[in-house]
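Observations on chain architecture
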Amino acid sequence: MEAMDIQAVESKLSDVTVTAIPMNGKSSHKDLSHGGSSHATISTVPASSPSSNGKDKDNSMSNTNATMSSWKTLHKWCTSYSADSVEWCPVEPYTDILVCGTYQLDKTDEDGSTKKQKRLGRIYLFKVSDEMDEICPIQSIDTSGILDQKWSYNCIDGYPVLGTVTSEGSLHLYRLVNLKLERWLEAVIGENVLALSLDWSTNKYHGNASIIVSDSAGTVTLWKVDDTLDKVGEWQAHGYEAWIAAFNYWNSDVFYTGGDDCVLKCFDRKSPDAVLTNRSHEAGVTAIRSHVDVEHQLLTGSYDEKVRLWDARQMKRCLTETNVGGGVWRLKWHPNRKGVILAACMYGGFRLLRAEETIDILYEYLEHESIAYGADWKFENKELSMVATCSFYDCNLLIGKINIDNTKIL
């Protein structure tokens, strides 16, 4: 991969303005000179610039139509490195376990020069319960930059398993053993690429686990999880970065990909080419999430600041969409309330959404001081829902509780 491609990926993960600026200099989501692609000259700003600091608060968003007790912050912890991913363990009895992944670009060598760029990362493991007065990690693991992480919804060989993808183009699997993560399996996705996202095939049905991984070269690879990680498929899905790949949890032969070329694709693992291509997004496709409990429901998020709800049987056009006021990096269905969604909206902060005939914004959470990247629900069925969120430049992990019944449409 050329240096420009690496720079484009890192700019969007650290210091890029939300909307890419096309080559012709016009402020539009699609660059016509690239046949509708959003991949264009990247406009970057320093981490300390006024364009990035506190931009969440400049979006003129307020919670005046929702009670202030709807989303209460309980804990705050500084991650040192820039935080971009949080994931609660879905496996009983380990649902108190939370991981936070970080990514830091270190441009300084040991001799003080800036000739090399090291992509550093750290995984923090927490045990979080209602009775705690404060949170503190029970384990930290130094690694290369973490760009995504997901737990398997089912134990493998009796252990909860966490998958991570890194800035060195690697897929790592960790077992949770005695409340500590132990490295189990690893594979190299590709040379000179960043591994950007992963998803498990077994979130709905227990069986032979597979993992789909997307990377900065626009490629997606399919891996079988056994005593080793074996690559069983590879597709050149997108012309630019493949930001996201996700399974259809009701049919693990089917998976979806989204790229910086503004394209959403659907693949069948038995076919060498995409079985569906949708070009309705106005910027890069960055989030895809199948619903574990409602067949055929699919969410997508994009740099165009819209969340879209789809029927997977008919994807010519989405069922409904809404503008959430920020580029959408992650979307998470509530584990017990079928239509409720947690959204990480980059410079727009975090959103609580409800998807029925329309997608409505129930709450806007603006407690973070920087780019909203990571968000997840704790897997428990209680009146108040616990959530974890994290943000980039301010290196903050926040734990909160949401009273969903105390919210209303903004």
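See above for the structure.
This text gives an overview of the structure that appears in the document. The model shown is predicted, which means the values in this text are computed figures rather than measured ones.

Calculation notes
- Residues numbered from 1 in each chain as written.
- Predicted model: local features only at pLDDT ≥ 70, side-chain atom pairs only at ≥ 80, totals over all residues.
- Heavy atoms only, no water.
- Pairing = 2+ DSSP bridges.
- Helix = DSSP H or I, 4+ residues; strand = E, 2+ residues; numbered from the N terminus.
- Axes fitted to C-alpha atoms, helices over the stretch in contact; angles between N-to-C directions.
- Buried < 20%, exposed > 50% of the residue type's maximum accessible area, 1.4 Å probe, protein only.
- Contact = heavy atoms within 4.5 Å.
- Salt bridge = Lys/Arg side-chain N within 4 Å of Asp/Glu carboxyl O.

1. Side note on the sheet that holds strand E11 (residues 210–215)
Strand-to-strand pairing in sheets goes through backbone hydrogen bonds, with the strands running parallel or antiparallel. Spatial strand order, E10-E11-E12-E13: 4 strands in an open sheet with antiparallel pairing. Looking at which strands have only one partner, the edges of the open sheet turn out to be strand E10 (195–200) and strand E13 (229–236). Going across the sheet, the axis of each strand differs from the next one's by a mean of 20°, ignoring polarity.

2. Quick notes on the environment of Ala195
One can find Ala195 in strand E10. Given a relative accessible area of 0%, Ala195 falls into the buried group. Counting along the chain gives 18 residues from Ala195 to Val213, while the straight-line C-alpha distance between them is 7.0 Å. Aside from chain neighbours lying at most four places away, what touches Ala195 is Leu147, Val165, Thr166, Gly169, Ser170, Ile189, Val213, Ser214 and Asp215.

3. Some details on the sheet that holds strand E23 (residues 340–344)
Strand order in the open sheet formed by 4 strands is E22-E23-E24-E25, and the pairing between neighbours is antiparallel. Pairing within the sheet leaves two strands with one partner each, and these edge strands are strand E22 (330–333) and strand E25 (359–365). Across the sheet, the axes of successive neighbouring strands diverge by a mean angle of 25°, strand direction being ignored. Here 5 bridges tie E23 to strand E24 (residues 350–355), and the two strands are oriented antiparallel to one another.

4. Structural notes on the pattern of salt bridges
Going through the model one piece at a time under the given rule, you end up with 25 salt bridges. A salt bridge links Asp96 to Lys378; the nearest nitrogen and oxygen atoms lie 2.7 Å apart. Separated by 282 residues along the polypeptide, Asp96 in the loop between strand E2 (82–88) and strand E3 (97–106) and Lys378 in the loop between strand E26 (372–377) and strand E27 (385–391) bring together distant segments of the chain. For Arg269, the salt bridge goes to Asp253, with nearest N and O atoms at 3.3 Å. In this pair, Arg269 is assigned in the loop between strand E16 (264–268) and strand E17 (276–278) and Asp253 in strand E15 (residues 251–259), connecting sequence segments 16 residues apart. Exposure remark for Arg269: the relative accessible area of 25% places this residue in the partly exposed category. A relative accessible area of 26% means that Asp253 is categorised as partly exposed. Here the salt bridges share partners, and the residues they tie into one network are Asp96, Lys127, Asp130, Lys378, Glu380, Lys382 and Lys401.

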